[in-house]
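This is what each chain is made of:
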Amino acid sequence: MQPRQGRRPIKVVVAKLGLDGHDRGAKVIARSLRDAGMEVVYTGIFQTPETIVRTVLEEDAEVLGISSLSGAHMEYTTDILDQLRQAGLDDVLVLVGGVIPTADADDLRRLGVGQIFTPGTPTAQVIAFVEAHAPRRDLEP
Amino acid sequence: MANEDGTCKDAAPEALADAEAAWRADQLAADYARIPPRRTEFTTLSGLEIKDVYTPSDVASIDPLADIGLPGVYPFTRGVRASMYRGRPWTIRQVAGFGQAEDTNARYRYLLGHGETGLSTDFDLPTLLGHDSDHQVFSREVGKIGVAIDTVEDAHALFDGIPLDEISTSLTINASAAVLLAMYRVVGDERGIGGDQLTGTIQNDILKEYTAQNEYIFPPDPSVRLVVDSMAYAAEVMPRFNPVSVSGYHIREAGATAPEEVGLTLAAGITYLERARQRGIEPDSVAPRLSFFFDVHNDFLEEIAKLRAARRLWARLTRERLGCRLPASSMLRVHAQTAGVTLTAQQPLNNVARVTVQALAAVLGGAQSLHTNSLDEAFQIPSEEAIKVAVRTQQILLHETGVGDVVDPLGGSYYIERLTSDIEDEARALIERIDDHGGLVEAIKSGYAGQLIANSSWEQQRAIESGERTVVGVNAHVDETSGDPGIAAFKLDPGVLERQLARLHQTRASRSAPRVREALGEVRRLADVEEANLMPAIEEAVRARCTVGEICNELRDAWGEYRPPTTF
């Protein structure tokens, strides 16, 4: 799909949080979103809430995809959402993917996460969700 | 048709070829004319071509003695033991680890109470990556996906009441494995159990961390040195303990094919033995204690052939390439685990069927020990109920199906033997390509090995998404009414971090500061001395109640941290 006139492609930061090195899913998602015409920045592993929010800010991304298979998603995501708010980035669409228990997924949505994607989610579903829900920023005139 | 002495008569190869050609032209063509093949091309999960049927012509180049042979005999295609499970069944070894040491200890007792026969430990990420539980940022991960270990006091609590001289233990840890290996030895020693009585395995396979799992701390070269140090140390002070479990599991889970899993894993085994030899350690003195760890994925027959191929290729590589003479050096003893990546969060009860078939492949492939995944592992640490089903699955295979009553029952199958040879050939070719890149360490640094896996992973994802590969419950037979599957949630005690910090602070307060300083100083000093063995210094640091983080920080100071470029 070609970006509409006057709008830049959706920009996505795909981030690995904390010490978890399982990056297969993050890389597949990054590649899929890029192939769908989005601009994707992959942070690599061992990121902290601070470094992730800084990347979102510096890259002026409207979507942040967090990959977590380490069970620390609640603590870290809470920090990230707080720091995004403090940085005035409330409109960023935050997505979480990985091994997320059902009860935690509900809590994460309540905290403001746009959607949670567990193992086996088709990438097309992720792409469609991002295209439908990403806040669109117009290009600078 | 039989010969006069009752043996089968070999059909003349030409007659067989003629019969097969006629069968293709007549019967097979007629069948396909009525019902066309379901696919234009049949391949294994790894992309190897599958013919309609296999006949003696497909195995004509395979020598029944030199290539297939007998179980317990070089090249061990049919198994590393002559009697296999007719004597000792495979070890039921479920990995467990979460929370504080006491929490995991309770899970061990639960598993042993339900008939588990070996222990296996998962550590939390701070421990795996050499950080203490009071780390400013990473303390959030304490006890989450494994047990938190800071000092040998935690290791004592972990194995409290477990007879370490009777039961073998597997420690799933890599970057900081040297510290945990020393801890295990010190726990035994402080409990009066000699190093020669300790049995088990520590994963300690750092090379696959750079290609697959990403749990590394230091750059590849000093990391491999630490592996060689621990091999030499174990050979001396805990000779029945396996100091390395060369692992294909993570490589496969990260997306590699079966031949790539075999090739990259055996390339790592070769690298450890060659680096040992460069340090003056003869391969025959350490190779018998190398063990291996493979995935068992969904393609049932391919996985059986893979395990057979890995055994044969390892036997040949150790003898031809490394000059090993001891039969034990050439035996690929393998722990197998069902493929976590095949578990689906959708319709999780279906995972029991997947795990059963994968476990059967491990058994028919001749594994020495087996972990069966729990049905809820796509979304949580297994609940007690789920892990019990996983243990029971192995017990049903062992006691009810009869598959362990005959050795290598699929040996001699035209298809299995052809596939075994094809996987061996592909894996050997990959090892040669890695050699062309200057060996595995160089292939890691250049990104060649990692890119290989990423590309295979991408292909598999495409095949699933295009519908080329069916995943039940995911891209076919999807339940739109995704109600509660009725699986008990696993709940981690939220007080874990607090309890762990209390013990850490207490241990720090009660130890001898000068002894700690001296021990850490010696670790730091020897880190710069490449030909020295660091293990005795690490052992002394462990005895002095130094923490995993403190010891690893000395090594970080000497060697730096590894940060590869991020590509996708």
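Because the structure is a prediction, the values reported are computed rather than measured.

K.L.:
Quick question: what am I supposed to make of the overall build of chain A here?
P.N.:
When helices and strands are counted, chain A shows 5 helices and 5 strands. Going from N to C terminus, chain A has its helices and strands arranged as β-α-β-α-β-α-β-α-β-α. Its C-alpha radius of gyration of 14 Å places chain A within 12% of the 14 Å reference for a compact globule of 141 residues. Projected onto the principal axes, the alpha-carbon positions of chain A cover approximately 40 × 35 × 25 Å. Counting only residues that meet the buried cut, chain A has 58% of its 141 residues in that class. Within the structure as shown, chain A displays about 6,000 Å² of accessible surface, and the carbon and sulfur contribution to it stands at 50%. One way to put it: in chain A the 15 positive side-chain charges average out to a point 6 Å from where the 20 negative ones average out.

K.L.:
Looking at this structure, how should I read the interface of chain A and chain B?
P.N.:
Accessible area lost when the parts come together is the quantity often used to give the size of an interface. With 38 residues of chain A at the interface, the matching set in chain B holds 39 residues. At the boundary of chain A with chain B, total buried surface from both sides reaches about 3,200 Å², with 57% on carbon and sulfur atoms. The largest contributions to the chain A side of the interface with chain B come from Leu19, Arg24 and Arg31 of chain A, which together make up 25% of the buried area. At the boundary of chain A and chain B, one finds 2 salt bridges. Arginine 140 of chain B is the salt-bridge partner of aspartate 79 of chain A, the closest N and O atoms lying 2.0 Å from each other. For the interface between chain A and chain B, the tally reads 10 residue pairs in polar contact (both at pLDDT 80 or more). Put simply, the parts of the chain that give the side of chain A that touches chain B at least two residues each are helix H1 (24–35), strand S2 (39–42), helix H3 (73–86) and helix H5 (123–133) of chain A. In terms of residues, the side of chain A that touches chain B owes the most to one element, H1 of chain A, which gives 8 residues.

K.L.:
Is there a simple way to explain the sheet that holds strand S3 (residues 169–172) of chain B in this structure?
P.N.:
In sheet architecture, strand pairing relies on hydrogen bonds along the backbone and comes in two forms, parallel and antiparallel. All names here are of chain B. Taken in spatial order, the 9 strands of this open sheet run S5-S4-S3-S2-S1-S9-S8-S7-S6, and their pairing is parallel. What marks the edges here is a single partner per strand, and that holds for strand S5 (241–242) and strand S6 (244–247). When strand S1 (residues 91–96) meets strand S9 (residues 369–371), the two strands line up parallel, connected through 2 bridges. If you follow isoleucine 92 over to S9, its bridge partner there is leucine 370. Taken strand by strand, helix H3 (residues 101–113) contacts S1 and strand S2 (118–122), and its axis lies near 155 degrees from that of S1. The sheet contacts of helix H12 (residues 300–321) involve strand S7 (290–296) and strand S8 (334–338), and relative to S7 the element is tilted by about 160 degrees.

K.L.:
Help me out: how do you make sense of empty space enclosed by the protein in this one?
P.N.:
Gaps left between atoms show up when a probe the size of a water molecule is rolled over them. All names here are of chain B. Per the counting criterion, the structure on display carries 5 cavities of 30 Å³ or more. Along the wall of the largest cavity there are 13 residues; nearest its centre are Tyr85, Val363, Leu364, Asp408 and Pro409. Looking at the lining of the largest cavity residue by residue, the classes come out as 8 nonpolar, 2 polar and 3 charged.

K.L.:
Is there a simple way to explain H12 of chain B in this structure?
P.N.:
At 3.6 residues per turn, the α-helix brings residues three or four places apart onto the same side. Residue and element names in this part refer to chain B. The end-to-end C-alpha distance of H12 is 31 Å, a good match for the 32 Å that 22 residues give at a rise of 1.5 Å each. Where burial is concerned, most of H12 is hidden: 17 out of the 22 residues are buried. Note on H12: the residue one or two positions beyond its end, glycine 323, has a positive phi of about 70 degrees.

K.L.:
In this structure, what is going on with the sheet that holds S2 of chain A? I would like to understand it.
P.N.:
All names here are of chain A. Read from one edge of the open sheet, 5 strands run S2-S1-S3-S4-S5, paired in parallel fashion. The open sheet terminates on both sides in strands that have one partner only, identified here as S2 and strand S5 (115–117). Here the strands of the sheet are splayed against their neighbours by 20 degrees on average, with no regard to which way each runs. Along the sheet face, H1 touches strand S1 (11–16), S2 and strand S3 (63–68) and points at about 160 degrees away from the line of S2. Docked against the sheet, H3 engages S3 and strand S4 (93–98), running at close to 160 degrees with respect to S3.

K.L.:
What exactly am I supposed to notice about the packing of aromatic side chains here?
P.N.:
Think of a pair of aromatic rings as described by two things: how far the centres are apart, and how the planes are tilted against each other in angle. Residues and elements named next belong to chain B. Taken as a whole, this structure holds 15 aromatic pairs over all chains when the rule is applied. Judged by centre distance (4.8 Å) and plane angle (50 degrees), the rings of tyrosine 54 and tyrosine 415 are tilted. Within this pair, whereas tyrosine 54 is found in the loop between helix H1 (13–34) and helix H2 (64–68), its partner tyrosine 415 is found in helix H15 (residues 414–436), the two being separated by 361 residues in sequence. Here tyrosine 54 matches tyrosine 415 in class, with each residue buried. Here tyrosine 108 and phenylalanine 159 contribute two aromatic rings whose centre-to-centre distance is 6.3 Å and whose plane-to-plane angle is 20 degrees, an arrangement assigned as stacked. Of the two residues, tyrosine 108 sits in helix H3 while phenylalanine 159 sits in the loop between helix H5 (152–158) and S3, which places them 51 residues apart along the sequence. Residue classification places tyrosine 108 among the buried positions, given a relative accessible area of 1%. One Lys or Arg, arginine 462, reaches over the ring of tryptophan 458 and ends 4.7 Å from the middle of that ring.

K.L.:
I would appreciate a short explanation of the side chain of threonine 344 of chain B in the present structure.
P.N.:
All names here are of chain B. Mapped onto the elements, threonine 344 comes out in the loop between S8 and helix H13 (350–364). A polar contact of 2.8 Å, which involves the side chain of threonine 344, links it to the backbone oxygen of glutamine 346. Among all residues touching threonine 344, those that are not within four sequence positions of it are Asn351, Arg354, Ala378, Val471 and Val474.

K.L.:
Explain the nonpolar core to me, please; I cannot follow it from the model alone.
P.N.:
For soluble globular proteins, nonpolar side chains are generally found buried alongside one another. Residues Leu64 of chain A together with Ile538 of chain B are the most contacted members of the largest nonpolar core, which totals 191 residues. Here the element with the most residues in this core is helix H6 (residues 177–190) of chain B; it accounts for 10 residues. Discounting chain neighbours no more than four positions away, the residues touching isoleucine 538 of chain B are Ala178, Val179, Ala182, Leu226, Val523 and Ile551 of chain B. Residues Ala345, Val355, Ala378 and Ala386 of chain B belong to the second largest nonpolar core, which totals 8 residues.

Parameters at a glance
- Here, residues in each chain are numbered from 1, in the same order as that chain's written sequence.
- Note on labels: chains are lettered from A, ligands numbered from 1, in written order.
- In keeping with the predicted nature of the model, local features appear solely for residues at pLDDT of at least 70, side-chain atom pairs appear and are counted solely at 80 or more, and the whole-chain, interface and lining totals rest on all residues.
- The basis for the side-chain values is all heavy atoms of the structure; hydrogens and waters are excluded.
- Only runs of H or I of at least four residues qualify as helices and only runs of E of at least two qualify as strands under DSSP, and these elements are numbered from the N terminus.
- For a compact globule the rule gives 2.2 Å times the number of residues to the power 0.38, and the radius of gyration it is set against comes from C-alpha atoms.
- Residue exposure (1.4 Å probe, protein chains only): buried if accessible area is under 20% of the type maximum, exposed if over 50%, otherwise partly exposed.
- Computed with a 1.4 Å probe, the accessible areas rest on the Shrake-Rupley method; for each residue, only the protein chains presented here act as cover.
- In summary, the charge assignment counts Lys and Arg as positive and Asp and Glu as negative, without counting His or the chain termini.
- For this purpose, a charge sits on NZ of Lys, CZ of Arg, CG of Asp or CD of Glu.
- We call two residues in contact whenever any of their non-hydrogen atoms come within 4.5 Å of each other.
- Buried area adds together the accessible area that both of two parts lose upon being put together, with accessible area traced by a 1.4 Å probe.
- We define a salt bridge as a contact between a side-chain nitrogen of Lys or Arg and a carboxyl oxygen of Asp or Glu at a distance within 4 Å.
- Any N or O atom pair separated by 3.5 Å or less is treated as a polar contact, with the protein-specific requirement of one donor-capable and one acceptor-capable atom, and with residues adjacent in sequence counted only for side-chain atom pairs.
- When DSSP locates at least two bridges between a pair of strands, those strands are taken to pair.
- Throughout, an axis means a line fitted to C-alpha atoms (over the contacting stretch in the case of helices), and angles, computed between N-to-C directions, take values from 0 to 180 degrees.
- The rule is simple: put a 1 Å grid over the protein atoms alone, call a set of points where a 1.4 Å probe fits but cannot get out a cavity, call an open set with protein on both sides within 12 Å along at least five of seven lines a pocket, and count a residue as lining if it has an atom within 4 Å of a point.
- Grid points are joined across faces, edges and corners, and a volume is the space filled by probe spheres set on the points.
- When residues are sorted by character, Ala, Val, Leu, Ile, Met, Phe, Trp, Tyr, Cys and Pro go into the nonpolar class, Asp, Glu, Lys and Arg into the charged class, and all the rest, Gly among them, into the polar class.
- The span you would expect from a helix comes to 1.5 Å times its residue count less one.
- Ring pairs are drawn from Phe, Tyr and Trp, using the six-membered ring of Trp, whenever the two centres fall within 6.5 Å, and their geometry is named by plane angle: stacked under 30 degrees, edge-to-face over 60, tilted for the rest.
- Consider the ring centre and the ring normal. A charge sits over the ring if Lys NZ or Arg CZ is within 6 Å of that centre and within 35 degrees of that normal.
- By nonpolar core we mean a set of buried residues, namely Ala, Val, Leu, Ile, Met, Phe, Trp, Tyr and Cys, connected to one another through side-chain atoms within 4.5 Å.

Such coordinate-based values are descriptive only and should not be taken to indicate function.
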